[in-house]
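# Results of the structural survey
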Amino acid sequence: MEESGLSVSADSIRVTEVTADGDALIFTITSQKLNSDVGICVCRTFEDFEWLQQGLFSQEDVSGLQGIIFPPLPGKPVSSSQSQAQAKALKQLGFLAMGEDWKSYCKALEIYLQQVASHSTLSKNKALDNLLTNSEPPGKQRVHKGIFSRLSHAMVELRKENHKDLDDFFQNERNNILNTTHFSKAATEKFLEVVLTEQRLAVACGHLSTSLHLCVHQDDPDAANFSKICMKLSEIIDTVKRNFEKVADNNLSTLGLGLDMECRGQEAKKDMLFRRTCKLVELETATKSAEKAKPNKKAVMEEVKKVIQKDFENLSSIAKEEIGRFNKSRVTLLRSSLVDWCEKQLHTARENQELLSRQLEACKTLQCD
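Per-chain numbering applies: the sequence of each chain, read as written, is numbered from 1 onward. Given that the model is predicted, a residue must reach a pLDDT of at least 70 before its local features are reported, and side-chain atom pairs must reach 80 or more before they are shown or counted; all residues, however, enter totals for whole chains, interfaces and linings. Hydrogens and water molecules were not included; the side-chain quantities draw on all heavy atoms of the structure.

## Considering the side chain of serine 31
Applied cut-off: Note on conventions: DSSP H or I runs of at least 4 residues are helices, E runs of at least 2 residues are strands, and numbering of each starts at the N terminus. Three labels apply to residues, based on accessible area from a 1.4 Å probe with only protein chains included: buried if under 20% of the type maximum, exposed if over 50%, partly exposed otherwise in between.
Position of serine 31 among the secondary structure elements: in strand β2 (residues 24-32). With a relative accessible area of 6%, serine 31 lands in the buried category.

See the structure below:
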């Protein structure tokens, strides 16, 4: 890490808090100086993260940059509390728009910064150290779409997606990524539906628990027994309500976040493979042009071809390393989220079982006249 040019420890980076400033969200980032106990705290907006991402995309002096799988930056958050804005945020951000105080979104930003800071190439960019350590906000120039974003989404380039690759390794990776991105997205959407259903059930239980209090008749001795039953049943339903809330929160903060990271990571890998395919098409075009060139232009065209071929080979070499690193990282992240999910849900299930057991015993001893 000392050679990276980053003055803070990647593992120490945390996004600890978010506050609203009008329609903008302000994120508090803490970190620790390398080989020191000195802590650093800065406040950043989403535009500052976009500024960093643009700086990473625009490193023209970095050889083979197109072969890097860039850590995916979450989409822009919507801070308004209006129901229409909440629905828009849920559609755009999924799990990251849910929960209290944007905790999942803060965690996603934290993972993003840690991934950039631990990357052997990206961590050398001065924009990263500036964002993490400078008390003053970074540059506020308008963020333009980077070359990779334009390249990946321009309609004129889409015809290259199905271009046959000369390297079986990359062709297999391209075939696999189409399936994994599809299934990752489907799994994320289905799991999001589960969480939303659990939240709706919690709300319904809350309404039912409250409604049972309306059945209590304190001034009517003849209805005393019925009132006792309603009160006890209200307590039981409230216990069920809290369990749904905890289960949904566990799903959100563990596997939900893990699936979101998996989905966005696969898209980042897909973008990198597409950039390489475009470079391959460029190389094949240059090769054909050199073969068909007239004698007086052949030397120039051959030189152009050699430059493109060198770039392509360098890009491919870096891409292979990136794929190995990415696959290892995504397995670690997804495994960690699955383990956390199982542990939290098991703890919640045991806690709920104990509470319901107490309620059952209380029902057995309920005295009715």
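There's more to say after this.
## Re the packing of aromatic side chains
Worth spelling out the cut-off: Two rings from Phe, Tyr or Trp (for Trp, the six-membered ring) form a pair when their centres are within 6.5 Å of each other. A pair whose planes differ by under 30 degrees is stacked, one over 60 is edge-to-face, and the rest are tilted.
Tallied over the entire structure, the rule returns seven aromatic pairs. Considering the side-chain rings of phenylalanine 57 and phenylalanine 70, the 4.8 Å spacing of their centres and the 85 degrees angle between planes classify their relative orientation as edge-to-face. Linking phenylalanine 57 in helix α1 (residues 46-57) with phenylalanine 70 in the loop between α1 and α2 (83-93), this pair joins segments that are 13 residues apart in sequence. Side by side, phenylalanine 57 and phenylalanine 70 carry an identical accessibility label, which is buried. Their ring planes at 85 degrees and their centres at 5.1 Å tell us that phenylalanine 169 and phenylalanine 170 sit as a pair that is edge-to-face. Judged by its relative accessible area of 1%, phenylalanine 170 is buried.

## Focus: the pairing of strand β3 (residues 39-44)
Heads up, the condition is: In this analysis, strands are considered paired if DSSP registers two or more bridges between them.
Only one face of β3 is buried, namely the one carrying Ile40, Val42 and Arg44, since none of Gly39, Cys41 and Cys43 on the opposite face is buried. The sheet contact formed by β2 and β3 spans six bridges and is antiparallel. Its bridge partner lying in β3, threonine 28 is registered against cysteine 43. Hairpin geometry of β2 and β3 is characterised by an intervening segment of six residues between the two adjacent antiparallel strands and by a positive phi of about 55 degrees at asparagine 35.

## Examining the packing of helix α3 (residues 103-117) against helix α4 (residues 126-133)
Applied cut-off: Fitting a line to C-alpha atoms yields each axis, with helices limited to the stretch in contact; the angle taken between N-to-C directions then spans 0 to 180 degrees. Throughout this description, any angle smaller than 35 degrees is read as roughly parallel, any larger than 145 degrees as roughly antiparallel, any in the 65 to 115 degree range as roughly perpendicular, and the remainder as oblique. Two helices crossing with the near one rotated counterclockwise from the far one by less than a right angle form a left-handed crossing, whereas a clockwise rotation gives a right-handed crossing. When checking whether two residues touch, look at their non-hydrogen atoms; a contact exists if any pair is within 4.5 Å. Polar here means any residue outside two lists: the nonpolar Ala, Val, Leu, Ile, Met, Phe, Trp, Tyr, Cys and Pro, and the charged Asp, Glu, Lys and Arg; Gly therefore counts as polar.
Running from N to C, α3 and α4 cross one another at 135 degrees; their axes reach a closest spacing of 11 Å. In terms of their interaxial angle, α3 and α4 are classed as oblique. Considering the relative orientation of α3 and α4, their crossing is left-handed. Note on element contacts: α4 touches α3 through Leu128, Leu131 and Leu132, opposite Leu113, Val116 and Ala117. Its residues placed into classes, the contact of α3 with α4 shows six nonpolar, no polar and no charged.

## Things to note about the nonpolar core
What counts, and what does not: Put simply, a nonpolar core is a bunch of buried Ala, Val, Leu, Ile, Met, Phe, Trp, Tyr and Cys residues held in one set by side-chain atoms that sit within 4.5 Å of each other.
Counting 41 residues, the largest nonpolar core has Phe27, Ile29, Leu52, Leu113 and Leu132 as its most contacted members. Those elements giving two or more residues to this core turn out to be β1 (14-21), β2, β3, α1, α3, α4 and α7 (224-292). For this core, the element with the most residues is α3, which contributes nine residues. Not counting chain neighbours up to four residues away, the residues in contact with isoleucine 29 comprise Ile13, Arg14, Val15, Ile40, Cys41, Val42, Arg44, Phe49, Leu113, Leu131 and Leu132.

## With respect to the side chain of glutamine 266
With respect to the secondary-structure elements, glutamine 266 resides in helix α7. Look at glutamine 266 and you get buried, because its relative accessible area is 2%. Setting aside chain neighbours within four positions, we find glutamine 266 in contact with Ile177, Thr180, Thr181, Ser184, Phe326 and Arg330.

## Things to note about the pattern of salt bridges
Where we set the bar: Criterion for a salt bridge: a side-chain nitrogen of Lys or Arg within 4 Å of a carboxyl oxygen of Asp or Glu.
Using the criterion set out here, one finds 16 salt bridges in the structure. Here glutamate 351 makes a salt bridge to lysine 246, at a shortest N to O gap of 2.5 Å. Taken as a pair, glutamate 351 in helix α8 (residues 295-364) and lysine 246 in helix α7 lie far apart in primary sequence, 105 residues in all. Looking at glutamate 351, the relative accessible area reads 29%, which means it is partly exposed. Here lysine 246 falls in the partly exposed class, since its relative accessible area comes to 36%. When the shortest N-O distance is used, the salt bridge between glutamate 322 and arginine 325 registers 2.8 Å. Here glutamate 322 and its partner arginine 325 are both found in helix α8, three residues apart, which amounts to about one turn of the helix. Classification of glutamate 322 by relative accessible area gives buried; the value is 7%. What you see here is one network of salt bridges that share partners, running through Asp165, Arg174 and Arg276.

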